[in-house]
Amino acid sequence: DILNMYLHRHDFAIIQVSEKPFTGHILPKVNNPAPGDVVLLPFEGFVVIAFKTDNLGTWLIHCYVALHAASSLSLQIMKDSVRLLLFLWPPNNSPALTEQHRVCELAVMGL
C-alpha cells in the first residue's frame, strides 16, 4: 500500500523515500531532488521532505484518504508560532492562556 501525503500551501523537495521502517538514519538525495506538494508514503516506510518555512500560519499535512486523515494520519505545522499565538490568543484573557503563552515562549527559546 502507498499513501498520498499532501502539504497545504507549500511546495517541497523530496529528499528520501524508503519502503523500510525509519531507523534514525537518512540517505538524503540533495542533488536535484524531486519537487512536489504531494508525496507517496510507502506502507511501513517513511519519507523525508524539505520546505521553506516562510509561510506564516498553521498548515496541515495529511493523507488524501479521508478515513486515514480522520484517523490521525495528519499533523499541523505552525510557523512563526509566537506571533500567531499572540494574534489568536492574546495574553491575560485567562490564567490558562497566560500559562500557555509562558510555555510556548520557553519552547521557542529552546528552554
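Scroll up to find the structure.
Read on for a plain summary of the structure. (Residues numbered from 1 in each chain as written. Predicted model: local features only at pLDDT ≥ 70, side-chain atom pairs only at ≥ 80, totals over all residues. Heavy atoms only, no water.)

Our focus in this paragraph is unusual backbone geometry. Working note: non-glycine residues mostly have negative phi, and peptide bonds are mostly trans. Residue Asn32 is not a glycine yet carries a positive backbone phi of 55 degrees. Relative to the helices and strands, Asn32 resides in the loop between strand E2 (12-18) and strand E3 (34-36). Taking relative accessible area as the criterion, Asn32 reaches 68% and is therefore assigned exposed. In the Ramachandran plot, Ser72 falls in the positive-phi region, its phi being about 85 degrees despite a non-glycine side chain. Examined against the element boundaries, Ser72 turns out to sit in the loop between helix H1 (66-70) and strand E7 (74-79). (Helix = DSSP H or I, 4+ residues; strand = E, 2+ residues; numbered from the N terminus. Buried < 20%, exposed > 50% of the residue type's maximum accessible area, 1.4 Å probe, protein only.)

A word on the packing of aromatic side chains. Counted under the stated rule, the structure contains 2 aromatic pairs. Judged by centre distance (5.5 Å) and plane angle (20 degrees), the ring pair of Tyr6 and Tyr64 falls under stacked. Taken together, the residues span a long stretch of sequence, with Tyr6 in strand E1 (residues 2-7) and Tyr64 in the loop between strand E6 (57-63) and H1 at a distance of 58 residues. Residue Tyr6 is classed as buried on the basis of its relative accessible area of 18%. The partly exposed category is assigned to Tyr64, whose relative accessible area is 46%. Considering the side-chain rings of Phe22 and Phe46, the 5.0 Å spacing of their centres and the 75 degrees angle between planes classify their relative orientation as edge-to-face. In this pair, Phe22 is assigned in the loop between E2 and E3 and Phe46 in strand E5 (residues 46-50), connecting sequence segments 24 residues apart. Judged by relative accessible area, Phe22 falls into the exposed class, the value being 51%. (Phe/Tyr/Trp six-rings, centres within 6.5 Å; stacked < 30°, edge-to-face > 60°.)

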